[in-house]
2 protein chains.
Amino acid sequence: MSNALVGQSGGPTVAINASLAGVIEGVLGTDKIDKIYGSIHGITGILEDRVIELNDTFKDAENLDLLASTPAMYLKSCRYRLKDEDMSQLVSQLQKYDIKYFFYIGGNDSMDTVMKLNAYIKEHNLDIIALGIPKTIDNDLAATDHCPGYGSAAKYVATTVCEVARDCFIYNTKTIVILEIMGRNAGWLTAAAALAKCDNMTAPHYVYLPERAFDIDKFLADMKEGLDKYNHVIVAVSEGIKDKGGNYIAESSLVGKSDSFGHAQLGGVAKVLEGYVKEKLGVKCRGIEINVLQRSASHLASATDIDEARTVGRKAVEFALNGESGKMMIYKRISSEPYEITYEASDINGIANAEKIVPDEYINAEGNNVTDEFIKYAKPLIIGQAKNHEKDGMPVHLSLYKG
Amino acid sequence: MSNALVGQSGGPTVAINASLAGVIEGVLGTDKIDKIYGSIHGITGILEDRVIELNDTFKDAENLDLLASTPAMYLKSCRYRLKDEDMSQLVSQLQKYDIKYFFYIGGNDSMDTVMKLNAYIKEHNLDIIALGIPKTIDNDLAATDHCPGYGSAAKYVATTVCEVARDCFIYNTKTIVILEIMGRNAGWLTAAAALAKCDNMTAPHYVYLPERAFDIDKFLADMKEGLDKYNHVIVAVSEGIKDKGGNYIAESSLVGKSDSFGHAQLGGVAKVLEGYVKEKLGVKCRGIEINVLQRSASHLASATDIDEARTVGRKAVEFALNGESGKMMIYKRISSEPYEITYEASDINGIANAEKIVPDEYINAEGNNVTDEFIKYAKPLIIGQAKNHEKDGMPVHLSLYKG
């Protein structure tokens, strides 16, 4: 009987360990695979022989539940692109552990690893199955309706917008708050800020995605309009917005000024825009970089996201046992109301290194907000509070090392 | 029969509306007070006649529960110090609404309002009771064991440290993460970062409070030691740390450097220290300003804190009916294990404008961490997850206006 190996790669999400839990329970639940190995630090772990057996730890179902609610990567991560000269070493390592099933959980860079391994397998007629399992808060993987990890990050961002807005609304002073959100090229997560809006919450008032060229004068005009209408203006902005010349706004400055805002600002686009607002409009302004919390706040994970992420891990094992290889698992949406998806697999060649940006129909004509179509798309993904484990008021996580 | 008036003032917390809920239910539960009025934007609301009756809205017990889980101030806030010339206007406004009981929820600046009103009442022999109810994430009010709002902020900070540490630990690269925490003069909230440490969590490795002079060379030596020991070093630092000359580190720069770190940095102490670490130690470093989330993240409020904050509001009404005036409600700790407090009232003159800093026994000899005594003090305050109301995956808050 043969074995399986799983690795995690790229940037963290709060759902990537749920997918790992799914893969492990999928393997433990079949008699067709003997051992499930984990590669420490992604693909570099198998290349450098940092491989551990996972069967024992996860015989205990409670550990699987703990794993599913632990943020970031239990097996640690890497950012490493496979080179041609790695391939024979990689395969001989897989053979050393009698690996027939290789599962790699990651974003579009990680899918490049699956694609290369699959090509090598085909070329050399090896009896190895390679499947990718998506994860990214950026939600920018092709072929899948959405990505594991996105729903939870979206929930965190929208909740944060709502709570920061309540914080801002208390003073009788015109104020602008600018929240900087991750997603350098794709604005999916920034767009999710708009989920905060509800019957008694007008924020966010403006949403700027990297899919549209950012014009500072139009932005300042928007802010003036917003101050007139709302007094307190809440803005969501992608870290990656660029002007029409393709220059990052985060790297810009108020040219020709010799005051404290006159030199290039450190600390991202929110602080740059804060500088512009204070200088040009003279109102109170606070730039907030939400930072890594949006990808690691497992205490606020979406139950929908975590459930799907764990299911797609289990499904990957099923698909692998059916002989599917060279593919990435995807979500296919059947309907939004009621929300329903199915799990499928899609050719890795159309996914690796590709990037799915926010389509035109989700962005308003002015380029300063999202459309109702986007809300309809994103709303089901944040439903429910994922189960947390708490001890002494603190989250309980599963950790490979004391760290 | 006479009426009561309540107002909220100063910076937001996630517990201040729970205290408001407590005052309202205290008044609704007695037949000795007729109406409960709310003053919009703190004391300025009564001075400028922005006063609303609250009885109707909160006859509905569900609204009281919603209020208790809504962050920031339902009645809005102000930062206004009463002037002598305001006093007759204030009292005539109180008399206009037949107010016998005045409750003011706030920090040490807000207690100044209670003190001044009380002095005026005494001097003019008026039949008005003025009581303060504490709130502040800074935990710096005198006389009380701890302050409503602190436990929830502490829980948020410690949870954030834990989740950010998991995020940091995944790469095989020496890294320093510096979390900047609120509390300009008192380090209570920064100290709470240490609650993250548990069996499988070594972070935070260093904690710097404003109660100790900060030495940049000692800090860099600590970081070197930390990198050797842990590879990944998580640091909690107060926004208000100063050097031994009394200068804020947030305003310092690498003197004599002409590179990008050579000019005064915007964006707080975390970014300044990030600059020093990158420049002097040459390792990967990320400065994170936790920002207003630490005072507004009601989704992660401590059940202990919210319960106590609501109870102290109810108790304030009891104490007022017993004729106590010119005092602030306080928590008195009976024991830490098991945790038990009682509710008392303390003379406002010893509290208004005073500031309680972290005592020596809670800070280690090196000045780069807290002691076990502090952990014993703070641990009970973060226990339990306060009840949240959720709809469509988003928190439900109670709002006075569509805002």
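Residues numbered from 1 in each chain as written. Chains lettered and ligands numbered in written order. Predicted model: local features only at pLDDT ≥ 70, side-chain atom pairs only at ≥ 80, totals over all residues. Heavy atoms only, no water.

S.K.: Explain unusual backbone geometry to me, please; I cannot follow it from the model alone.
M.R.: Residues other than glycine predominantly adopt negative phi, and peptide bonds predominantly adopt the trans conformation. A cis amide bond, omega 0 degrees, links A203 of chain A with the succeeding residue P204 of chain A. Relative to the helices and strands, P204 of chain A resides in the loop between α8 (188–191) and β7 (206–208). The peptide bond linking E337 of chain B to P338 of chain B adopts the cis configuration, its omega dihedral lying at 0 degrees. Within the element layout of this structure, P338 of chain B appears in the loop between β10 (327–336) and β11 (339–347). For D49 of chain A, which is not glycine, the phi torsion reads 60 degrees and is therefore positive. Tracing the chain through its elements places D49 of chain A in the loop between α2 (42–47) and β3 (51–53). Judged by relative accessible area, which is 35%, D49 of chain A ranks as partly exposed. (Helix = DSSP H or I, 4+ residues; strand = E, 2+ residues; numbered from the N terminus. Buried < 20%, exposed > 50% of the residue type's maximum accessible area, 1.4 Å probe, protein only.)

S.K.: How should I be thinking about the interface of chain B and chain A in this particular structure?
M.R.: How big an interface is tends to be stated in terms of the accessible area lost upon association of its parts. Contacts between the two partners involve 69 residues from chain B and, on the opposite side, 69 residues from chain A. Here chain B meets chain A over a buried area of about 5,600 Å², counting both sides, of which 56% is carbon and sulfur. Between chain B and chain A we count 8 salt bridges in total. K155 of chain A serves as the salt-bridge partner of E390 of chain B, at 3.1 Å between the closest nitrogen and oxygen. (Contact = heavy atoms within 4.5 Å. Buried area = accessible area lost by both parts, 1.4 Å probe. Salt bridge = Lys/Arg side-chain N within 4 Å of Asp/Glu carboxyl O.)

S.K.: In this structure, what is going on with the relation of the copies chain B and chain A? I would like to understand it.
M.R.: A rotation about an axis combined with a shift along that same axis relates the two copies of the chain. Overlaying chain B with chain A gives an RMSD of 0.0 Å, the required rotation being 180 degrees about an axis along which the chain moves by 0.0 Å. Both chain copies can therefore be described as sitting about a two-fold axis. Comparing interface residues between copies, 100% of those in chain B also lie at the interface in chain A; the contact surface is shared. (Least-squares fit on C-alpha atoms with pLDDT ≥ 70 in both.)

S.K.: When you look at the packing of helix α5 (residues 87–96) of chain A against helix α6 (residues 108–123) of chain A in this model, what are you seeing that I'm missing?
M.R.: Each pair of packed helices can be described by the angle between their axes along with the distance between the axes. All names here are of chain A. Packing of α5 against α6 brings their axes to within 11 Å, and their N-to-C directions diverge by 80 degrees. Here α6 runs roughly perpendicular to α5, going by the angle between their axes. Facing α5, whose interface residues are M87, S88, L90, V91 and L94, α6 presents K116, L117 and Y120. Looking at the contact of α5 with α6 residue by residue, the class counts come to 6 nonpolar, 1 polar and 1 charged. (Axes fitted to C-alpha atoms, helices over the stretch in contact; angles between N-to-C directions. Parallel < 35°, antiparallel > 145°, perpendicular 65-115°, else oblique. Nonpolar A, V, L, I, M, F, W, Y, C, P; charged D, E, K, R; others polar.)

S.K.: What should I look at first to understand the environment of N3 of chain A in this one?
M.R.: All names here are of chain A. Along the chain, the position of N3 falls in strand β1 (residues 2–8). Using a relative accessible area of 6% as the deciding quantity, one classes N3 as buried. The residues touching N3, leaving out its near neighbours within four places in the chain, are I33, D34, K35, Y37, Y97, D98, I99, K100 and Y101.

S.K.: I tried to follow the environment of A186 of chain A on my own but got confused; where do I start?
M.R.: Mapping A186 of chain A onto the fold places it in the loop between β6 (175–181) and α8. Each residue touching A186 of chain A, except ones within four places of it in the same chain, is listed here: D138, D140, P210, E211, K356 and I357 of chain A.

S.K.: Where do I start with the state of the cysteines in this structure?
M.R.: Here, disulfide denotes a covalent bond that connects the sulfur atoms of two cysteines. Residues and elements named next belong to chain B. All told, the structure shown has 0 disulfides over all chains when counted by the stated rule. Among the cysteines around C147, which has no disulfide bond, C78 carries the closest sulfur, lying 18 Å off. C285 carries a free sulfur, and the closest cysteine sulfur to it, the one in C168, is 9.6 Å from it. (Disulfide = S-S within 2.5 Å.)

S.K.: Honestly, the sheet that holds strand β9 (residues 284–289) of chain B in this entry has me stumped. Any pointers?
M.R.: Strand pairs in the sheet, formed through backbone hydrogen bonds, run parallel or antiparallel to each other. All names here are of chain B. Here 4 strands make up an open sheet; going across it, the order is β7-β8-β6-β9 and the pairing parallel. This sheet does not close on itself; its edge strands, each paired only once, are β7 (206–208) and β9. Between one strand axis and the next, the sheet turns through 15 degrees on average, direction left out of account. Against the sheet, helix α6 (residues 150–168) makes contact with β6 (175–181), β8 (232–238) and β9, and its axis sits at roughly 160 degrees relative to β6, the strand it touches most. Each of β6, β8 and β9 is contacted by helix α9 (residues 269–280), which is oriented at about 175 degrees to β9, the strand it contacts most. (Pairing = 2+ DSSP bridges.)

S.K.: Can you help me understand the side chain of D305 of chain B in this one?
M.R.: Residues and elements named next belong to chain B. Within the secondary structure layout, D305 lies in helix α11 (residues 303–321). No salt bridge is formed by the buried D305. Its closest oppositely charged neighbour is K155, at 10 Å. Beyond its immediate stretch of four places on either side in the chain, D305 contacts A15, C147, P148, G149, Y150, G151, S152 and L381. (Lys, Arg positive; Asp, Glu negative; His and termini not counted.)

S.K.: Quick question: what am I supposed to make of the packing of helix α9 (residues 216–230) of chain A against helix α10 (residues 269–281) of chain A here?
M.R.: Residues and elements named next belong to chain A. The contact between α9 and α10 brings their axes to 11 Å, and the two run at 65 degrees. Viewed along their axes, α9 and α10 adopt a mutual orientation that is roughly perpendicular. Seen along the crossing, α9 lies across α10 with a hand that is right-handed. Side by side, α9 and α10 meet where I216, F219, L220, M223, K224 and L227 of the first sit next to L273, Y276, V277, K280 and L281 of the second. Of the residues that constitute the contact of α9 with α10, the class distribution is 9 nonpolar, no polar and 2 charged. (Left-handed = near helix turned anticlockwise from the far one by under 90°.)

S.K.: What am I meant to see in the environment of A303 of chain A here?
M.R.: Residues and elements named next belong to chain A. Within the secondary structure, A303 sits in helix α12 (residues 303–321). Through-space distance from the C-alpha of A303 to that of K387 is 7.2 Å; in sequence the pair is 84 residues apart. Residues in contact with A303, not counting those within four places in the same chain, are I383, G384, Q385 and A386.

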